Amino acid sequence: MNPQAKLIFVTSLLLGTTITISSNHWVMAWTGLEINTLAILPLISKSHHPRAIEAATKYFLVQATASTLVLFSSMTNAWYTGQWDITQLTHPTSSLILTAAISMKLGLVPFHFWFPEVLQGSPIITGLLLSTAMKFPPITLLYMTSLSLNPTLLTTLAILSVALGGWMGLNQTQTRKIMAFSSISHLGWMAIILVYYPKLTLLNFYLYAMMTAAVFLTLNSMKVLNLSMLMTAWTKAPSLSTILLLTLLSLAGLPPMTGFLPKWLIIQELTKQDMAPAAIIISLLSLLGLFFYLRLAYCATITLPPHTTNHMKQWHTNKPINPLIAVLTTLSIMLLPISPMLATII
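Rules of the game
- Residues numbered from 1 in each chain as written.
- Predicted model: local features only at pLDDT ≥ 70, side-chain atom pairs only at ≥ 80, totals over all residues.
- Heavy atoms only, no water.
- UniProt positions renumbered as here; feature names shortened; annotations may be inferred.
- Domains from an automatic or database assignment.
- Buried area = accessible area lost by both parts, 1.4 Å probe.
- Salt bridge = Lys/Arg side-chain N within 4 Å of Asp/Glu carboxyl O.
- Helix = DSSP H or I, 4+ residues; strand = E, 2+ residues; numbered from the N terminus.
- Core = buried A, V, L, I, M, F, W, Y, C linked by side-chain atoms within 4.5 Å.
- Buried < 20%, exposed > 50% of the residue type's maximum accessible area, 1.4 Å probe, protein only.
- Contact = heavy atoms within 4.5 Å.
- Phe/Tyr/Trp six-rings, centres within 6.5 Å; stacked < 30°, edge-to-face > 60°.
- Lys NZ or Arg CZ within 6 Å of the ring centre and 35° of its normal.

The name recorded for the chain in an unreviewed UniProt entry is NADH-ubiquinone oxidoreductase chain 2, from Corvus brachyrhynchos. UniProt's Sequence similarities (unreviewed entry) comment on the chain is quoted here verbatim: "Belongs to the complex I subunit 2 family." The record held by UniProt for the chain lists under Function (unreviewed entry) the comment "Core subunit of the mitochondrial membrane respiratory chain NADH dehydrogenase (Complex I) which catalyzes electron transfer from NADH through the respiratory chain, using ubiquinone as an electron acceptor. Essential for the catalytic activity and assembly of complex I."

This is the structure we're talking about:
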């Protein structure tokens, strides 16, 4: 892609995100979301492969539908209350429509079908943007309207997301699809606590974005697209494979990694809110996700490729690790000891 064009699209992404997260008026927030959608489409379809074009088309149709619903929900609220302010979304019907619209934008169950397909059709770095940066504006809208949302509905969507995210990821062999189902599962954890402790949702999102960025950048450096390629990657980049193992365990939420921190705080807060059954269900369902993270980690580090593999065995190269991967991995592994400080900040 032309560097000038790439610069324009990335700048538009930053602009759209900034407009949405800093706006008080619904129309400005909607404008930011639209700029974001239009800026990411060329980045999805830049390879001109039929699958990439299909992914861009699916993404456009879903996001356009969700944006229409956001506008419809805000107009309904303005019709009944005379308020265009984002924090004044008080009409119950508007809240329900908004929850559906943002769930569609994020890929929460039952509006998740587009997300794995779009991620599979995108390049790895665009997939990283779709999993992290593109989810930030909708999550900020949920954060600003959290007082008006229906807790029962969000808890139901959250438990379904963790269940389906874990269950549908079990049988996947494509790394991008596995990361898509991992994202759906993590969104469930963010949604369940949103009404009770919105700042925890944001903390969970920040830590999830950091760990996912480390995994995607490592996969990009190793040029890995599926599990069979991952099995032969050890000979090429043993240090990156080790980094991937640790980051995946953190993403699974195993102590003493960073990924355990948001799960621990969310379970604690749910118990305080007399929602122990929901906390138990969501904890047990996250074991499904743990299985496919362990499967990825096993393929990356413990499996030696058989001699009959279809992939050429790679030569070991002493290419230096990208400093960004090193920093993100360190943060993904070692933030748990400072959890008391993070708890006082939020």
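Anyway, onward from the coordinates.
K.L.:
In this structure, what is going on with the domain arrangement of the chain? I would like to understand it.
P.N.:
A common way to state how big an interface is: give the accessible area lost once the parts meet. Taken domain by domain, the chain consists of domain 1 (1-123) and domain 2 (150-345). In this structure, domain 1 and domain 2 have C-alpha centres spaced 24 Å apart. When domain 1 packs against domain 2, the two sides together hide about 1500 Å² of surface, and 73% of this comes from carbon and sulfur. Considering only the side of domain 1, the residues that lose the most area to domain 2 are Leu108, Val109 and Gln120, jointly responsible for 38% of the buried surface there. Taken together, domain 1 and domain 2 are joined by one salt bridge. Across the salt bridge formed by Glu117 and Lys177, the nearest N and O atoms sit 3.5 Å from each other.

K.L.:
How should I be thinking about the UniProt feature "transmembrane region" (unreviewed entry) in the chain in this particular structure?
P.N.:
Here the UniProt feature "transmembrane region" (unreviewed entry) sits at residues 56-75, 95-115, 152-171, 178-197, 203-222, 243-266, 278-300 and 321-343. As annotated, residues 56-75 has a helix share of 100% and a strand share of 0%, and its two end C-alpha atoms lie 28 Å apart. As a span, residues 95-115 carries 67% helix and 0% strand, and end to end its C-alpha atoms are 23 Å apart.

K.L.:
In this structure, what is going on with the nonpolar core? I would like to understand it.
P.N.:
Core analysis: the biggest nonpolar cluster contains 101 residues, and Ile40, Ile44, Tyr59, Leu130, Ile192, Leu230 and Leu244 have the highest contact counts within it. The leading source of residues in this core is helix α10 (residues 198-222), at 15 residues. Two domains each put at least three residues into this core: domain 1 (1-123) and domain 2 (150-345). Filtering out sequence-adjacent residues up to four positions away, Leu230 remains in contact with Leu219, Met222, Val224, Leu244, Leu296, Cys299 and Ala300.

K.L.:
I would appreciate a short explanation of the packing of aromatic side chains in the present structure.
P.N.:
Two aromatic rings are characterised by how far apart their centres lie and by the angle between their planes. On inspection of all chains with the given rule, the structure shows seven aromatic pairs. Measuring from centroid to centroid gives 5.7 Å for Phe136 and Phe205, while their planes differ by 10 degrees, and the two rings are stacked. In this pair, Phe136 sits in helix α7 (residues 136-144) while Phe205 sits in helix α10, placing the two residues 69 residues apart along the sequence. Grouping aromatic residues by their ring pairs yields a cluster made of Tyr59, Trp114 and Phe115. Here Lys135 stacks its cationic end above the ring of Phe115, 3.9 Å away from the centre of that ring.

K.L.:
Just to check I follow, could you spell out unusual backbone geometry for this structure?
P.N.:
Backbone geometry follows two general trends: most residues other than glycine have a negative phi, and most peptide bonds adopt the trans configuration. Each neighbour pair has its own omega, and for Val109 with Pro110 the value is 5 degrees, a cis peptide bond. Within the secondary structure, Pro110 sits in the loop between α4 (92-106) and α5 (114-121). With an omega dihedral of 5 degrees, the bond running from Pro255 to Pro256 counts as a cis peptide bond. By the secondary structure assignment, Pro256 is in the loop between α12 (238-252) and α13 (260-272). Phi is positive for Lys223, close to 55 degrees, though the residue is something other than glycine. Overall, the relative accessible area of 53% leaves Lys223 in the exposed class. For Asp274, which is not a glycine, the phi torsion comes out positive at approximately 60 degrees. Position of Asp274 relative to the elements: it lies in the loop between α13 and α14 (276-301).

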